[in-house]
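Structural characterization, general
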Amino acid sequence: MTVLFGTSLPVGPAPAVAVGAGRTPAAAATRRPSEGSVHSWDLSTGVDGPGTRFVTFLAGCPLTCLYCHNPDTWKMRNGKRTSADDVIAEAAKYGRFIAASGGGATVSGGEPLLQPVFAGELLHRMKRELGLHTALDTSGFLGARATDALLRDVDLVLLDIKSGDPGTYERVTGRPLRPTLDFARRLAGLGKEVHLRFVLVPGLTDAPENIEGVAAFAGGLGNVSRVDVLPFHKLGEGKWQALGMDFTLRDTPSPAPEQLAGARAVFEAHGLTAV
């Protein structure tokens, strides 16, 4: 193995762009679409960032992860064309409750950076208008699409690093690993707080050298405040079947508690807080 490191409520790699990098999103508002493809929104606690959060799930994703529990978010056409005003108005209903819980707002997907301008507008308005802590939930594959202006409105990045081995990563996602690593390094350079997510899949991502590679990389960044080692589950299998898609991990078991504890220990050995 070669390691390359150096419940929703329905609502119905490019280079980094320099334009707007020195301006606030509000200053560039006339160039922003007021609508995007939204799959759903929801309130969650302890899953999509700290505290209770208003989570907007944007439709569309360039990855096709073998264990995805929401394959219905892969296509932008599966979302509903929704205005930013409508999303902000919905979030505002819960603003005081969310703030009191120490929570905030998360823009997720799908992959939110498939719609970077719309995602940036939501993050900006959640933070500047509603005064909420903001989080961006992303695979990092399209991180080059996130302008510096967008990232200024992000308090926390929930970053998935699905494997440390390029071959395994491509097998899991259908895409190359390097763009995610490049984005992680960029976030470190900006001093942007990151919660890293790693899904432990028996027989796929649980090789000791794979876990060690991700842990060593994350431990060297200096901005990863938490690692969530998540157990593989098959809760999305029914969605795959409903969509007429073959869920190839149907016979894969969930990891045993001791496997999860062992993986967390590897991350902790690199000075990281793993849960």
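Analysis parameters
- Position numbers for residues start from 1 in each chain and track the written sequence from start to end.
- With the structure being a predicted model, the display of local features is reserved for residues of pLDDT at least 70 and the display and counting of side-chain atom pairs for 80 or more, all residues being used for whole-chain, interface and lining totals.
- Note that water and hydrogens are dropped before the side-chain values are worked out from all heavy atoms of the structure.
- In this description a helix means any DSSP run of H or I spanning at least four residues, a strand means any run of E spanning at least two, and both kinds are numbered starting from the N terminus.
- For this document, the term salt bridge refers to a Lys or Arg side-chain nitrogen within 4 Å of an Asp or Glu carboxyl oxygen.
- Three labels apply to residues, based on accessible area from a 1.4 Å probe with only protein chains included: buried if under 20% of the type maximum, exposed if over 50%, partly exposed otherwise in between.
- Two residues qualify as a contact provided that any one of their heavy atoms is within 4.5 Å of a heavy atom in the partner residue.
- Two rings from Phe, Tyr or Trp (for Trp, the six-membered ring) form a pair when their centres sit within 6.5 Å of each other. Planes less than 30 degrees apart are called stacked, planes more than 60 degrees apart edge-to-face, and all others tilted.
- Regarding the arc, it is the one traced by the directions from the helix axis to the C-beta atoms.
- Helix span, expected: 1.5 Å multiplied by one less than the number of residues in the helix.

Our next topic: unusual backbone geometry. Cis geometry marks the peptide bond from Gly-109 to Gly-110, where omega comes out at 15°. For Gly-110, the location among the structural elements is in the loop between β5 (104-108) and α3 (116-128).

Time to look at the pattern of salt bridges. If you walk through the whole model with that rule in mind, you get 14 salt bridges. Linking Asp-155 and Lys-127 is a salt bridge whose minimum nitrogen-to-oxygen distance equals 2.7 Å. In this pair, Asp-155 sits in the loop between α4 (148-152) and β7 (156-160) while Lys-127 sits in helix α3, placing the two residues 28 residues apart along the sequence. With a relative accessible area of 25%, Asp-155 lands in the partly exposed category. Of the charged contacts, one joins Arg-250 and Asp-246 as a salt bridge, the two residues approaching to 2.1 Å between their closest N and O atoms.

Next up on the list: the side chain of Ser-83. Inspection of the secondary structure assignment puts Ser-83 in strand β4 (residues 80-83). Each residue touching Ser-83, except ones within four places of it in the same chain, is listed here: Ser-34, Glu-35 and Phe-118.

So, about the packing of aromatic side chains. Note on aromatic pairs: each is described by the distance of the centres and the angle between the planes. All chains considered together, the criterion is met by 5 aromatic pairs. Measuring from centroid to centroid gives 6.4 Å for Phe-54 and Tyr-94, while their planes differ by 25°, and the two rings are stacked. Placement of the pair is Phe-54 in strand β3 (residues 52-58) and Tyr-94 in the loop between α1 (84-92) and α2 (95-100), with a sequence separation of 40 residues. Of the residues examined, Phe-54 reaches a relative accessible area of 1% and is grouped as buried.

The next point concerns α1. Every buried residue belonging to α1 is among Ala-84, Val-87, Ile-88, Glu-90 and Ala-91, and all of these are buried. For α1, the angular spread of the buried residues around the axis is 160°, confining them to a single face. Buried residues in α1 make contact with β2 (35-45), β3, β4, α2 and α3.

Under the 1.5 Å per step criterion, the end-to-end length of helix α9 (residues 257-269) is 18 Å for 13 residues, consistent within 8% with the ideal 18 Å. Those residues of α9 that sit buried are Leu-260, Ala-263 and Phe-267. Across the axial projection of α9, the buried residues extend over an arc of 65°, all falling on one side. Residues of α9 that are exposed and angled more than 90 degrees away from the buried face: Pro-257, Glu-258 and Ala-269. Among the structural elements, β8 (194-200), α7 (208-219) and β9 (224-231) are those in contact with the buried residues of α9. Taken from the residues just after α9, Gly-271 is the one with a positive phi, measuring 80°.

Function cannot be inferred from these measures alone, as they are strictly geometric.
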